[in-house]
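Structure at a glance
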Amino acid sequence: MDDEQQRSMATTVVQREMMATTTTTTIAAAAGIAESYAGRSIFITGATGFMGKIMVEKLLRDCGELRCIYLLIRAKKGVDPAQRKEEYVKNIVFDHVRERYSERLGKIRLIRGDILSPGLGLSDDDRRELTENVELVFHCAANVRFDQHIRQAVDINLNGTIRVLGLAEQMRRLVSFVHVSTAYCQCNEAVLEEKHYPAPQNPEGISKMVGLLDDDLLDIITPRLLNNLPNTYAYTKALTEDMVYQYRGKLPIAIARPSIVTAAMKEPLPGWGEGTNGPTGLLIGAGRGVIRSMHCNGEYLADFMPVDVTMNAIIAIGTERMANARKEDVMYYNLTSSADNPISWGEVLEMGRGILNQNPFCFALWYPDGSIKSNYLYHLLCVVLFHYLPAYLIDFLMVLLRRKPFLVKVQKRISAGLTILQYYTTKEWVFRCDNTKSLYQRLSPDDRKRFYFDVNEINYKTYLYDFILGARQYILKEAPETLPKARKLLRKLYIMDKIVQIGLYLCGLWLAWTYLEVVTGSIQFVFDTAIESLRGTTVRQGL
């Protein structure tokens with residue numbers, strides 16, 4: 001065979017491959033989201049978490065033709081996998097699926113493993129099943145505590161991702177690897193683009209170093225490692241993104257960067273949430289009267305994303321990544337709301353205060369009447385007067401009553417949490433979301449309705465109403481029937497608060513009046529003494 005024939009054959013092969021790739025991409029792009037997932041096997045980490053549950057529920061609800069969902073879940077001592085799965089699907093978020101599509105629950109397959117274990121702690125059989133069948137990976141597992149020690153943050157966020165990437169490399173049919181990051185992984189940037197940002201240090205080097213050094217040394221060097229980043233969460237997320245980026249060309253990668261993820265807007269239940277991290281903890285603390293002051297610039301824009309809106313976008317991103325056959329491309333999506341549907345922290349507070357006063361909590365230590373302070377020194381003064389002073393007073397009374405004091409300890413935890421969060425409430429960022437908006441525009445009308453993630457659809461008044469009622473019902477376990485009782489309690493607390501305020505004002509006036517009398521008397525004494533002295537001097541001079 002001569003060179004010309006070889007070149008001709010090579011050209012034909014290349015053309016066929018390009019045509020096949022283009023055809024596959026076009027088909028994937030043209031198909032709806034549910035159709036793109038039909039017959040697919042999906043692997044999800046972090047499926048037992050707040051965001052993971054919503055993703056699993058949504059896939060079962062609206063992508064019913066998918067083949068299988070593999071969930072990486074830690075083993076519980078004395079609990080077999082079947083029982084663990086039964087416990088998992090009994091969660092309230094799966095009520096709709098259980099009632100209407102109960103047969104789809106059989107598509108869930110639990111994989112015993114641990115993000116912290118070498119090789120994810122997988123058995124040989126489970127690893128073989130995953131590598132042979134999985135086509136899409138959603139890596140949602142992460143440690144979202146901002147105050148976590150750097151060792152734990154690195155082991156879960158960075159090392160855990162390295163372990164998942166190692167498994168994904170072995171997956172023969174993989175067409176999409178979606179890594180869930182955060183919009184705040186580059187806090188030193190005033191404007192966050194949808195692009196790659198280099199990590200502050202080499203991720204693999206940090207991983208090895210943290211494994212070698214003891215905690216005392218890590219505590220010493222952590223501030224220098226953070227390099228003005230606010231906490232170990234943001235730092236390890238920045239490292240992790242760069243680590244994922246290094247697998248470009250090997251894996252079909254997309255990176256989703258949601259901002260603060262909050263309670264559901266519509267599905268599976270309006271206002272459903274889990275845990276007391278972030279805004280939910282602030283809401284509960286303020287609603288119970290224990291948070292009276294927060295350092296925050298009320299004019300700055302708040303940025304939060306309902307969990308169902310976030311996960312709809314991430315599911316759509318998985319489809320988009322499937323449609324792009326170029327593994328060299330890393331696709332970035334910022335999932336934020338402030339650019340297109342802005343609301344300030346001050347507006348959130350005032351709106352939330354009105355709704356909370358109409359729908360209070362059943363238990364509160366004092367009338368919820370806190371406020372935000374843009375001046376840090378004024379905030380510190382209010383913390384001393386309205387957080388710690390009442391806490392020490394109540395704990396003193398508890399000791400006198402021979403009961404265990406608790407409020408000072410609670411206030412210390414609250415202050416630590418507020419110190420971490422105030423970084424985000426006293427700064428403002430600009431998030432570019434062109435890729436996310438472009439993705440939404442390419443969806444069919446049906447997909448836009450089923451997999452909604454247009455942030456312009458968020459009605460903040462309605463959303464905050466559902467958020468507060470959801471916190472009552474799903475987190476504090478306060479049934480709607482308890483609202484009349486809670487409102488009576490709020491009225492009593494309001495009267496008590498006003499009585500105390502009036503008492504404090506009267507006490508202040510009395511102290512001022514007493515002080516004024518003392519000062520006036522002192523001035524009069526000095527004046528009289530001066531007059532008498534002057535008279536005595538005049539008399540002596542006359543003599």
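The chain appears in an unreviewed UniProt entry as Fatty acyl-CoA reductase from Anopheles arabiensis. Of the comments in the UniProt record for the chain, the one headed Sequence similarities (unreviewed entry) reads "Belongs to the fatty acyl-CoA reductase family."

1. Section: the packing of aromatic side chains
Evaluated as defined, the whole model comprises 15 aromatic pairs. Geometrically, the ring pair formed by Tyr184 and Trp429 is edge-to-face, given 5.3 Å between the ring centres and 75 degrees between the ring planes. Placement of the pair is Tyr184 in the loop between β5 (176–180) and β6 (191–192) and Trp429 in the loop between α15 (407–425) and β13 (430–431), with a sequence separation of 245 residues. This pair shows no difference in class: Tyr184 is buried, exactly as Trp429 is. Through successive ring pairs, a cluster of aromatic residues spans Phe146, Tyr184, Tyr233, Tyr423, Tyr424, Trp429 and Phe431. The ring of Tyr378 has Lys373 lying over it, and the distance from NZ or CZ to the ring centre is 5.8 Å. Arg448 extends its terminal NZ or CZ atom over the ring of Tyr440, reaching a point 5.3 Å from the ring centre.

2. Remarks on a nonpolar patch on the surface
There is a patch of nonpolar side chains on the surface, built from Tyr378, Leu381, Val384, Leu385, Phe386 and Leu389 and spanning about 580 Å² of accessible area. Turning to its location among the elements, Tyr378 is positioned in helix α14 (residues 376–400).

3. Points about the pattern of salt bridges
Applying the stated rule across the entire model yields 26 salt bridges. Linking Lys58 and Asp62 is a salt bridge whose minimum nitrogen-to-oxygen distance equals 2.6 Å. One end of the pair, Lys58, and the other, Asp62, are both in helix α3 (residues 50–62), four residues apart, so they sit about a helical turn from each other.

4. Points about the side chain of His179
Mapping His179 onto the fold places it in strand β5. In this structure His179 comes out as buried when scored by relative accessible area, which is 0%. Filtering out sequence-adjacent residues up to four positions away, His179 remains in contact with His139, Thr161, Lys237, Thr240, Val244, Ala254, Ile255 and Ala256.

5. Structural notes on a positive patch on the surface
Residues Arg487, Lys488, Arg491 and Lys492 make up a contiguous surface patch of positive charge. Residue position: Arg491 is located in helix α19 (residues 483–542).

6. Thoughts on the nonpolar core
One finds Tyr37, Ile44, Leu59, Leu71, Phe138 and Ile314 to be the most contacted residues of the largest nonpolar core, which totals 78 residues. Examining the composition of this core, we find that nine residues originate from one element, helix α12 (residues 307–323), more than from any other. Excluding anything up to four places from it in sequence, Tyr37 contacts Ile42, Leu59, Cys63, Glu65, Leu66, Leu136, Phe138, Ile315, Gly318, Thr319 and Met322.

7. So, the UniProt feature "transmembrane region" (unreviewed entry) in the chain
Mapped onto this numbering, the UniProt entry gives "transmembrane region" (unreviewed entry) at residues 376–401. Secondary structure over residues 376–401 splits into 96% helix and 0% strand, and the C-alpha atoms at its two ends are 36 Å apart.

The rules behind the values
- Residues numbered from 1 in each chain as written.
- Predicted model: local features only at pLDDT ≥ 70, side-chain atom pairs only at ≥ 80, totals over all residues.
- Heavy atoms only, no water.
- UniProt positions renumbered as here; feature names shortened; annotations may be inferred.
- Phe/Tyr/Trp six-rings, centres within 6.5 Å; stacked < 30°, edge-to-face > 60°.
- Helix = DSSP H or I, 4+ residues; strand = E, 2+ residues; numbered from the N terminus.
- Buried < 20%, exposed > 50% of the residue type's maximum accessible area, 1.4 Å probe, protein only.
- Lys NZ or Arg CZ within 6 Å of the ring centre and 35° of its normal.
- Patch = residues over 30% accessible without salt bridge, like charges linked within 9 Å, V, L, I, M, F, W, Y side chains within 5 Å.
- Areas by Shrake-Rupley, 256 points an atom, 1.4 Å probe, with all protein chains shown as cover.
- Salt bridge = Lys/Arg side-chain N within 4 Å of Asp/Glu carboxyl O.
- Contact = heavy atoms within 4.5 Å.
- Lys, Arg positive; Asp, Glu negative; His and termini not counted.
- Charge placed at Lys NZ, Arg CZ, Asp CG, Glu CD.
- Core = buried A, V, L, I, M, F, W, Y, C linked by side-chain atoms within 4.5 Å.

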